Amino acid sequence: MKSHVITATPSDPDGLLSAAGTEAARHQNFRPGLFLHDLWVLAKARVVSLLVFTAAVGEILAPNALIHWQSALAGLFGIALAGGAGGVLNQIVEPDLDQHMRRTLHRPLAEGRISRRGAIVYAVLLMTAAIAILAWGTNPLTLILTLAGTVGYGVVYTLYLKPSTPWNIVWGGLAGALPPLIGWTAITGSIAALPVVLVLLVFVWTPAHFWPLAINCRRDYAKACIPMLPCTHGIDRTRKEVLNYAILTWVVSMIPAFLTGDWIYGGIAWLSGAWFVGMALRLKALPEGQEMDQYARSMFAYSISYLFLLYTALILGKLVMGYGFF
Ligand code: HEM
Ligand SMILES: CC(C)=CCC/C(C)=C/CC/C(C)=C/COP(=O)(O)OP(=O)(O)O
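Small disclaimer: the values here were computed from a predicted structure and weren't measured.

**Points about the overall build of the protein**
Line of reasoning, step 1. Within the protein, the regular secondary structure consists of 15 helices and 0 strands.
Line of reasoning, step 2. Burial analysis of the protein (326 residues in total) assigns 47% to the buried set.
Line of reasoning, step 3. For the protein, long-range pairs separated by at least 24 residues make up 74% of all intrachain contacts whose partners lie at least 6 apart in sequence.

This is the structure in structure tokens:
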């Protein structure tokens, strides 16, 4: 592939738009390895991996998960494929926005390495495979919840909420919060209190996950005219909301400990949540500037490890304590 040259012009001073490719360049530059990597990026595979992990925890916590191993596997594959389809739908809608943000500038659709039509075919294939696997291996409730996740993120959040309200991610986060419940329903076919609390946990975690990154990227969001909270309500209000949601996440994270009597999970949740709240306090206290921007990035990175740790602790607790959900 030719090396990527970003050219500044008077109408495109940062050279961001010149990064987009053309149909001819697409054919000339085709490389199978890069194409596979593009499919991976297009499906937002790294984000989907955490969605699948939270779904797997929902399955492991459900009664008799081992006996229903086929449904468990079908559930995980279905969520991975449907989550991937959500990621593709998101990028089909947003290539113009992605071209305007440094973080997303090099995505395959933004740079024109994959055409919009190709991406639509990809999304349809992923979704068809997800529906087939879920219909075959799980149950109607699991299929409906997964479809709600894909439509909630790929259509409702991306098309309607993201461009119209700074509270977009509070409601958009609901789609990404569903996997633990989907994992549970794949095994049991019904809804219960514990997985609903796990959905609530991801739901309240999402703003404290995303807004620190939005603080870091606020100039790009402003340029792209996306009404993210730091652009519409300022940095101080955003830092206050990050602290509120970090505290709320800490509180909600303790509920599974009370529901299960699992003190191993409880201890880990308490400590890792205290650290999260501590980071939010420090973020709030820092004067605006480069150090605050960098710290906001660190908090975003920690948010991901934190959720991973909480869900790992849930399995660990169950394996060690063996509380009565097996
Ligand atoms: C509407 C809700 C959410 C928003 C707006 C959001 C936003 C973001 C953004 C903008 C990134 C950076 C992606 C990139 O640079 O390519 C990111 C990364 C990430 N998000 Fe979220 N997120 C949301 C919900 C979730 C949920 C529910 C999960 C999992 C349970 C999750 C897991 C991750 C992970 C693992 C990454 C890191 C990806 C990487 O390293 O490339 N996010 N998120
Ligand atoms: C259950 C199920 C199938 C759910 C699918 C939900 C899903 C894929 C959620 C992912 C959340 C996410 C990556 C948000 C970033 O969106 P953004 O568009 O604001 O970020 P960007 O600027 O990086 O594109």
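**Looking at the packing of helix α3 (residues 45-61) against helix α9 (residues 179-188)**
Line of reasoning, step 1. Contact pair α3 / α9: the axes reach a minimum separation of 7 Å and the direction vectors enclose 40°. Comparing their axes, α9 and α3 come out oblique. Crossing geometry of α3 relative to α9 is assigned as right-handed. Contact residues: α3 offers Leu-51, Thr-54, Ala-55, Ala-56, Val-57, Gly-58, Glu-59 and Leu-61, while α9 offers Pro-179, Pro-180, Leu-181, Ile-182, Gly-183, Trp-184, Ala-186 and Ile-187.
Line of reasoning, step 2. The residue makeup of the contact of α3 with α9, split by class, is 12 nonpolar, 3 polar and 1 charged.

**Considerations on the confidence of the model for the protein**
Line of reasoning, step 1. Averaged over every residue, the pLDDT of the protein is 90; residues scoring 70 or more account for 90%.
Line of reasoning, step 2. Taken as a whole, residues 1-21 scores under 50 in pLDDT and shows 30 contacts with residues more than four places along the chain or in a different chain.
Line of reasoning, step 3. Among the scores for the predicted complex, ipTM is 0.95 and pTM is 0.90.

**Regarding the nonpolar core**
Line of reasoning, step 1. Among the nonpolar cores identified, the biggest contains 89 residues, and Ala-85 and Val-88 are the most heavily contacted of them.
Line of reasoning, step 2. When we break this core down by domain, the ones giving at least three residues each are domain 1 (35-191) and domain 2 (192-325).
Line of reasoning, step 3. Ignoring anything within four residues of it in the chain, the contact list for Ala-85 reads Ala-123, Leu-126, Met-127, Ala-130, Thr-150 and Gly-154.

**So, the domain arrangement of the protein**
Line of reasoning, step 1. Here the domain parsing of the protein yields domain 1 (35-191) and domain 2 (192-325).
Line of reasoning, step 2. Put simply, the middle of domain 1 and the middle of domain 2, counted by C-alpha atoms, are 21 Å apart.
Line of reasoning, step 3. Each partner contributes to the interface: domain 1 provides 29 residues, whereas domain 2 provides 29 residues.
Line of reasoning, step 4. Here the element with the most residues in the side of domain 1 that touches domain 2 is α3; it accounts for 7 residues.
Line of reasoning, step 5. Split into classes, the residues belonging to the side of domain 1 that touches domain 2 amount to 19 nonpolar, 7 polar and 3 charged.

**Regarding the site of ligand 1**
Line of reasoning, step 1. Close contacts around ligand 1 come from 19 residues, with Arg-46, Leu-50, Gly-172, Gly-173 and Gly-176 the closest.
Line of reasoning, step 2. Among the secondary structure elements, those contributing two or more residues to the shell around ligand 1 are α3, α8 (168-177), α10 (193-216) and α15 (290-321).
Line of reasoning, step 3. Each of domain 1 (35-191) and domain 2 (192-325) accounts for three or more of the residues forming the shell around ligand 1.

**So, the site of ligand 2**
Line of reasoning, step 1. The immediate surroundings of ligand 2 are formed by 21 residues, with Ala-82, Gly-86, Gly-149, Tyr-153 and Gly-176 found nearest.
Line of reasoning, step 2. Elements with a minimum of two residues in the shell around ligand 2: α3, α4 (69-93), α7 (140-161), α8 and α9.
Line of reasoning, step 3. No other element matches α4, which puts 6 residues into the shell around ligand 2.
Line of reasoning, step 4. Class assignment of the residues belonging to the shell around ligand 2 gives a composition of 9 nonpolar, 10 polar and 2 charged.

**Overview of the environment of Glu-288**
Line of reasoning, step 1. Relative to the assigned elements, Glu-288 resides in the loop between α14 (263-285) and α15.
Line of reasoning, step 2. Classification of Glu-288 as exposed rests on a count of 11 C-beta atoms within 10 Å.
Line of reasoning, step 3. It is 9.2 Å that separates the C-alpha atoms of Glu-288 and Asp-236, two residues lying 52 residues apart in sequence.

**Here's the deal with the packing of α4 against α7**
Line of reasoning, step 1. At a minimum axis separation of 9 Å, α4 and α7 run at an interaxial angle of 15°. Overall, the two elements α4 and α7 adopt an arrangement that is roughly parallel. Between α4 and α7 lies a crossing of right-handed hand. Taking contact as the criterion, the partners of Gly-75, Gly-78, Ile-79, Ala-82, Ala-85, Gly-86, Leu-89, Asn-90 and Val-93 in α4 are, on α7, Thr-142, Thr-146, Gly-149, Thr-150, Tyr-153, Gly-154, Val-155, Thr-158 and Leu-159.
Line of reasoning, step 2. Considering only residue class, the contact of α4 with α7 consists of 8 nonpolar, 10 polar and no charged.

**Focus on unusual backbone geometry**
Line of reasoning, step 1. Within the chain, Asn-64 stands out as a residue other than glycine whose phi angle is a positive 60°.
Line of reasoning, step 2. Examined against the element boundaries, Asn-64 turns out to sit in the loop between α3 and α4.
Line of reasoning, step 3. Overall, the presence of 11 C-beta atoms within 10 Å leaves Asn-64 in the exposed class.
Line of reasoning, step 4. Positive phi, normally seen in glycine, also occurs at Cys-225, with a value near 60°.
Line of reasoning, step 5. Note that Cys-225 resides in the loop between α11 (218-223) and α12 (229-232).

Cut-offs applied
Residues numbered from 1 in each chain as written. Chains lettered and ligands numbered in written order. Predicted model: local features only at pLDDT ≥ 70, side-chain atom pairs only at ≥ 80, totals over all residues. Helix = DSSP H or I, 4+ residues; strand = E, 2+ residues; numbered from the N terminus. Buried ≥ 20, exposed ≤ 12 C-beta atoms within 10 Å, placed from the backbone. Contact = placed C-beta atoms within 7 Å. Axes fitted to C-alpha atoms, helices over the stretch in contact; angles between N-to-C directions. Parallel < 35°, antiparallel > 145°, perpendicular 65-115°, else oblique. Left-handed = near helix turned anticlockwise from the far one by under 90°. Nonpolar A, V, L, I, M, F, W, Y, C, P; charged D, E, K, R; others polar. pLDDT = per-residue confidence, 0-100. Core = buried A, V, L, I, M, F, W, Y, C linked by C-beta atoms within 7 Å. Domains from an automatic or database assignment. Near = placed C-beta within 6 Å.

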